[in-house]
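Each chain, letter by letter, is given below.
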Amino acid sequence: MANLKKLIHGQDVRFDTHQAGDAQPTNWRNVHLEKVLHEGGKIRFPLVGDFQPSWSSRVNDVQYERVKREVARELGKNPVLVQALAETVVNILNRFSSGTATIENAQEAAKKIAEYFGLDENFERTVEDFMGERLQEFISYHRDPDGIFLEEIRFTPKRVEIRKSRRKYRPYIDGRRR
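Everything in this summary refers to the structure shown in the same document. Every chain is numbered on its own, with residues counted from 1 as its sequence reads. Two thresholds apply to this predicted model, a pLDDT of at least 70 for residue-level local features and 80 or more for giving and counting side-chain atom pairs, whereas whole-chain, interface and lining totals are computed over all residues. To obtain the side-chain values, all non-hydrogen atoms of the structure were included, while hydrogens and water were left out.

Right, let's get into helix 3 (residues 103-117). With 15 residues, helix 3 should reach 21 Å at 1.5 Å per residue; the first-to-last C-alpha distance of 21 Å fits that figure. The buried label applies to any residue whose accessible area, calculated with a 1.4 Å probe on protein chains only, is under 20% of its type's maximum; exposed applies above 50%, and partly exposed to all values in between. Helical segments are the DSSP runs of H or I of at least four residues, strand segments are the runs of E of at least two, and each set is numbered from the N terminus. Of all the residues in helix 3, the buried ones are N105, A106, A109, A110, K112, I113, A114, Y116 and F117. Just beyond helix 3, the residue with positive phi is G118, at close to 65°. Expected span of a helix, by definition, is 1.5 Å for each gap between consecutive residues, and there is one gap fewer than residues.

The subject of this paragraph is the packing of aromatic side chains. Ring pairs shown here join Phe, Tyr and Trp side chains whose ring centres sit within 6.5 Å, with only the six-membered ring taken for Trp; geometry is labelled stacked below 30 degrees between planes, edge-to-face above 60, and tilted in between. For the structure shown, the criterion picks out five aromatic pairs. Here F45 and Y116 contribute two aromatic rings whose centre-to-centre distance is 5.2 Å and whose plane-to-plane angle is 50°, an arrangement assigned as tilted. Taken together, the residues F45 in strand 3 (residues 42-46) and Y116 in helix 3 connect sequence positions 71 residues apart. Y116 sits in the buried class, given a relative accessible area of 10%.

This part is about the environment of L37. Its place among the elements puts L37 in strand 2 (residues 32-37). Take L37: its relative accessible area is 3%, and that puts it in the buried class.

Here, a salt bridge means any Lys or Arg side-chain nitrogen found within 4 Å of an Asp or Glu carboxyl oxygen. Going through the model one piece at a time under the given rule, you end up with five salt bridges. A salt bridge links E34 to R44, with the shortest nitrogen-to-oxygen separation between them at 3.4 Å. Linking E34 in strand 2 with R44 in strand 3, this pair joins segments that are 10 residues apart in sequence. Here E74 makes a salt bridge to K77, at a shortest N to O gap of 3.5 Å. Of this pair, E74 and K77 both sit in helix 1 (residues 61-77), three residues apart, which is roughly one turn of that helix. Residue classification places K77 among the exposed residues on the basis of a relative accessible area of 58%.

Counting buried positions along strand 3 gives four out of five residues, so the element sits mostly inside the fold. Pairing between strand 2 and strand 3: five bridges, direction antiparallel. Across the sheet, residue E34 finds its bridge partner in strand 3, namely R44. A pair of strands is considered paired only if DSSP assigns at least 2 bridges between the two. If you look at the hairpin formed by strand 2 and strand 3, you'll find four residues sitting between the two strands, and G40 has a positive phi there, around 110°. Of the strand pairs in this sheet, strand 3 and strand 4 (residues 54-55) are connected by two bridges, and their pairing is antiparallel. Each bridged residue has a counterpart across the sheet, and for R44 the counterpart in strand 4 is S54.

In this section: helix 2 (residues 79-96). In this model helix 2 runs 26 Å from its N-terminal to its C-terminal C-alpha over 18 residues, within 8% of the 26 Å that 1.5 Å per residue would give. Within the span of helix 2, buried status applies to L81, V82, A84, L85, A86, T88, V89, V90, I92, L93, N94 and F96. Pairs of N or O atoms are called polar contacts if they sit within 3.5 Å, as long as, within protein, a hydrogen donor faces a hydrogen acceptor (for residues adjacent in sequence, only side-chain-to-side-chain pairs). For helix 2, the N-terminal cap is N78; the gap from its side-chain oxygen to the backbone nitrogen of V80 is 3.1 Å. Where helix 2 terminates, the next one or two residues include S98, which has phi positive at roughly 55°.

Ranked by internal contacts, the top residues of the largest apolar core, which has 37 residues, are F15, L75, L85, L93, I113 and F123. If you list the elements that add at least two residues to this core, you get strand 1 (11-16), strand 2, strand 3, helix 1, helix 2, helix 3 and helix 4 (121-134). Ranked by residues supplied to this core, first place goes to helix 2 with nine residues. Among buried residues, the Ala, Val, Leu, Ile, Met, Phe, Trp, Tyr and Cys ones that are joined through side-chain atoms within 4.5 Å form a nonpolar core.

This is how it looks when you write it as structure tokens:
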């Protein structure tokens, strides 16, 4: 993240969920990119979810728009910085989610950042590529055509494996198995 310090002159950049020391499991869906302005105030750019950018009472609309323009300008002239931001977003999602963030979460975060700072679809593809490299394994279960057993599909960065699960499919009705 050291490369991101150059993102905005005179401001600090960090990712946060505002849960430090609350002894609760991390709510990683609250993670946001946060700009701390040296003249005072903070601007938050959420990465996932339906949250909108927000800022502290010491920041006004003009400062918010100025920060967005500065970031867009810096990213527009420095592809290395765009690459560093993409990799950082993936690392942050993985760190705060304890590795449970999916490629869809990364796509959502990339799309939001691209919208905030006027980046094109190449940024989204770069984030997807980094996320694809970080995914360890994803397993999904599906009923077989007879509806008795589950099919297990395992995805890893190097292969996709389909096999019949040992578990029998028993749907729940009113909280009880049939």
